[in-house]
Amino acid sequence: GISSFCYLLICFATAYIRNITLSPHFINDWLSFLFIILFVNSIQLTILDLIFLIDVNYLKYLINTGFTFLFYPIFFFFFNFINLKISFKLND
């Protein structure tokens, strides 16, 4: 349940930041995504460590955050490409 809650927080925060910016830009989205992931992961680590007393491997979370940040551009362009293909076919 904690990871689902964290994913929900990430989706909410990224959608909110994307809606309040006047002109969405890839770099701004990418950097804000990094800070959101760091914040949500710190919440998750705090809950796991302090409330549930689970021994957490911090290095794995750091590596996971780094790879998530690095793979963001790949998936961003991939899903934009798919979105363009779908919207093109719908408008035909």
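As shown above, the structure is provided for reference.
Procedures and definitions
All residue numbers refer to positions counted from 1 along the written sequence of the respective chain. Confidence filtering applies because this is a predicted model: local features only for residues at pLDDT of at least 70, side-chain atom pairs given and counted only at 80 or more, and all residues used for totals across whole chains, interfaces and linings. Side-chain measures were taken over the full set of non-hydrogen atoms in the model, leaving aside hydrogen atoms and water. Fitted lines through C-alpha atoms serve as axes, helices being fitted only where they are in contact, and the angles separating the N-to-C directions of these axes extend from 0 to 180 degrees. Numbered from the N terminus, helices here are DSSP runs of H or I no shorter than four residues, and strands are runs of E no shorter than two. Roughly parallel means an angle under 35 degrees; roughly antiparallel, over 145; roughly perpendicular, 65 to 115; everything else is oblique. In this scheme the crossing of two helices becomes right-handed for a clockwise turn of the near helix relative to the far one and left-handed for an anticlockwise turn of less than a right angle. Contact definition: two residues touch when any of their heavy atoms are within 4.5 Å. Polarity classes work like this: nonpolar for Ala, Val, Leu, Ile, Met, Phe, Trp, Tyr, Cys and Pro, charged for Asp, Glu, Lys and Arg, and polar for all others, with Gly in that last group. In what follows, a disulfide is any cysteine sulfur pair within 2.5 Å. A pair is scored as a salt bridge if a Lys or Arg side-chain nitrogen falls within 4 Å of a carboxyl oxygen belonging to Asp or Glu. Throughout, exposure labels follow a simple rule: accessible area from a 1.4 Å probe, protein chains only, divided by the maximum for the residue type, with under 20% read as buried, over 50% as exposed, and the rest as partly exposed.

**Examining the packing of helix H1 (residues 2-20) against helix H2 (residues 26-51)**
Two packed helices can be described by the angle between their axes and the distance between those axes. The interhelical angle for the contact between H1 and H2, taken along N-to-C directions, is 150°, at an axis separation of 10 Å. With respect to H2, the axis of H1 lies roughly antiparallel. Note that H1 runs across H2; the crossing there is right-handed. On H2, the residues that touch Ile-2, Ser-3, Cys-6, Leu-9, Ile-10, Ala-13, Thr-14, Ile-17 and Arg-18 of H1 are Asp-29, Ser-32, Phe-33, Ile-36, Ile-37, Val-40, Ile-43, Gln-44, Ile-47 and Leu-48. Here the residues of the contact of H1 with H2 are counted per class, giving 13 nonpolar, four polar and two charged.

**Here's the deal with the state of the cysteines**
The term disulfide refers to a covalent linkage connecting the sulfur atoms of a pair of cysteines. Going through the model one piece at a time under the given rule, you end up with zero disulfides. Cys-6 provides the cysteine sulfur closest to Cys-11, a residue in no disulfide bond, and the two sulfurs are 11 Å apart.

**A closer look at the pattern of salt bridges**
Enumeration over the complete set of coordinates arrives at one salt bridge. Close ionic contact of Asp-29 with Arg-18 constitutes a salt bridge, the shortest N to O distance being 2.2 Å. In this pair, Asp-29 sits in helix H2 while Arg-18 sits in helix H1, placing the two residues eleven residues apart along the sequence. By relative accessible area, which is 8% here, Asp-29 ends up buried. Here Arg-18 falls in the partly exposed class, since its relative accessible area comes to 39%.

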